[in-house]
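Breakdown of the fold
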Amino acid sequence: MKKTGIATTCVQGGYTPKNGEPRQIPIVQSTTFRYETSEAMGDLFDLKASGYFYSRLQNPTCDAVAAKIAALEGGTAAMLTSSGQAANFFAVFNIAGAGDHVVASAHIYGGTFNLFAVTMKRMGIDFTFVSPDATDEELNAAFRPNTKAVFGETVSNPSLTVLDIERFAKAAHAHGVPLIVDNTFATPVNCRPFDFGADIVTHSTTKYMDGHGAAVGGAIVDSGKFDWAANAEKFPGLCTPDESYHGITYVKEFGQAGAYITKATAQLMRDFGCTQSPQSAFLLNLGLESLHLRMKQHCANALKVATFLGSHPNVTWVRYPDLPGDPYHALQQKYLPNGSSGVVSFGVRGGRRAAEAFMKQLKVAAIETHVADARTCCLHPASATHRQLTDEQLVAAGVSPDLVRYSCGIEDPDDLIADLAAALDAVEA
Ligand SMILES: *Cc1c(COP(=O)(O)O)cnc(C)c1O
């Protein structure tokens, strides 16, 4: 399909049926595919021919949905994974191994922080966490000769920091490594990190992309812009023969635009098997078809809710990048002028206990670990997603103990505000 606007891509991207074929993406619920000769199958295993043979590696339904996400982000190649966690793990592990080092923003999702600081650390990869507000000097000082990537979130969950993508990309490129951006909260409707120099984008498709709380999933997209060959000594996995795949060199065989995703599929998906099911990919695609409409309503609701919260005496602080007084407003205006996301955070007068009591009073918003859904939900991260963090780590991650993460759905904003007003009025500060 020719390059189209974001709404057309949401609705029609990734799949163009031929004469008489199904209008909707078919769910190819098959683990395997039939071939007439062993030779034909051998060519697939050698990556000499492209085609399907086993759904752990590739499946037509998943590929069509991945192609839509690649088009939405303006990338050259994409793959679906079983979850956002799997996407971030693969995105980093595809280019970093034992003995390597990665620079990451300290303001990232709690699950990703744990993946990096604990589990991948155990695999021999070191992470340096830098403040998203670090000066260029501090940022550059975080790099080591064995640094392989820089990682951040466009709009961080739950601290709502807007990443200065251009500045982080510049620092990464000056050290010959790519910038990986988790674009879950913004979605390509609100920001396309590749337009600002990011090289790889990841998603928890569980959030806005699905949008209906129906299926856990993830995605990785390659911009095709990072020149692996020019930094070959840093990326031997992409630039030297892969003995586990008949000596194929990914950048030679698949070019700058295809090497990264092909390697992640051929090696990581083959060995770890974190696949998305065709059924989940189908549900994800239904969500993508309305992503452009839902993001508008999420952001409009969030701005109204944030403005209301700012005026309530029992709210001590409000963070929403779209508010003119927000510390990240200038970056929001630059990177996400149509809105950051539907997520607002705030503190309730009286701290941790008051926050918990207030949340119990809510009737329209539900207490959930989930976020970025059509239904409004809220969470107290310090007692849920971030409870494994020490108080020091909480502060470093931009999550204060009284922080309430409030994820505006696409209901009537007046109902959300009435619900909040009743619960806040009941707070005994
Ligand atoms: C939820 C989330 C993840 C993890 O995704 P799962 O699909 O839950 O595995 C990663 N990054 C961000 C920003 C998230 O919000």
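It should be noted that the structure appears before, not after, this text.
Structure report, in brief. In this text, all values refer to a predicted model and were calculated from it rather than measured experimentally. Throughout this document, residue positions are counted from 1 along each chain, in the order its sequence is written. Where local features are concerned, this predicted model is filtered to residues with pLDDT of at least 70; where side-chain atom pairs are given and counted, the filter is 80 or more; whole-chain, interface and lining totals use all residues. To obtain the side-chain values, all non-hydrogen atoms of the structure were included, while hydrogens and water were left out.

**Brief notes about the layout of surface pockets**
Here a cavity means grid points, on a 1 Å grid over the protein atoms only, where a 1.4 Å probe fits yet cannot get out; a pocket means an open set of points with protein on both sides within 12 Å along at least five of seven lines; lining residues are those with an atom within 4 Å of a point. Grid points are joined across faces, edges and corners, and a volume is the space filled by probe spheres set on the points. Volume-wise, the largest pocket comes out at about 660 Å³. In terms of lining residues, the largest pocket is bounded by 34 residues, among which Leu57, Gln58, Asp63, Thr262 and Thr265 are the most central. Counting from the N terminus, the helices are the DSSP runs of H or I reaching at least four residues and the strands are the DSSP runs of E reaching at least two. Elements with a contribution of two residues or more to the lining of the largest pocket: α3 (60-73), β1 (77-81) and α10 (250-272). Under the convention adopted here, Pro, Cys and the residues Ala, Val, Leu, Ile, Met, Phe, Trp and Tyr are nonpolar, Asp, Glu, Lys and Arg are charged, and Gly plus all remaining residues are polar. When its residues are assigned to classes, the lining of the largest pocket shows 20 nonpolar, 12 polar and 2 charged. Quantified by volume, the second largest pocket comes out at close to 330 Å³. Split into classes, the residues belonging to the lining of the second largest pocket amount to 5 nonpolar, 12 polar and 4 charged.

**Some words on the side chain of Asp164**
Within the element layout of this structure, Asp164 appears in the loop between β4 (147-153) and α7 (165-174). Whether two residues touch is decided by their heavy atoms; if any such pair falls within 4.5 Å, the residues are in contact. Filtering out sequence-adjacent residues up to four positions away, Asp164 remains in contact with Leu331 and Tyr335.

**Comments concerning the side chain of Thr205**
Structurally, the position occupied by Thr205 is in the loop between β6 (200-204) and β7 (218-222). Exposure categories follow from relative accessible area, calculated using a 1.4 Å probe and restricted to protein chains: below 20% of the type maximum is buried, above 50% is exposed, and the middle band is partly exposed. Given a relative accessible area of 1%, Thr205 falls into the buried group. If sequence neighbours within four positions are ignored, Thr205 has contacts with Ile69, Asp210, Gly217, Gly218, Ala219, Gln276 and Leu284.

**Side note on the pairing of strand β12 (residues 403-407)**
The element β12 is largely enclosed, with a buried count of 5 among its 5 residues. Of the two faces of β12, the one lined by Leu403, Arg405 and Ser407 and the one lined by Val404 and Tyr406 are each fully buried. Two strands qualify as a pair provided DSSP detects at least 2 bridges between them. In terms of strand pairing, strand β11 (residues 377-379) meets β12 through 3 bridges, oriented antiparallel. Each bridged residue has a counterpart across the sheet, and for Leu379 the counterpart in β12 is Arg405.

**Topic: the sheet that holds strand β9 (residues 343-348)**
In spatial order, the strands read β8-β9-β12-β11-β10; together these 5 strands make up an open sheet with mixed pairing. On the outer flanks of this sheet lie β8 (315-319) and β10 (366-367), each paired with one strand and no other. Bridge count for β9 against β12 is 5 bridges, and the pairing is antiparallel. Note on β12: the bridge partner recorded for Val343 is Ser407.

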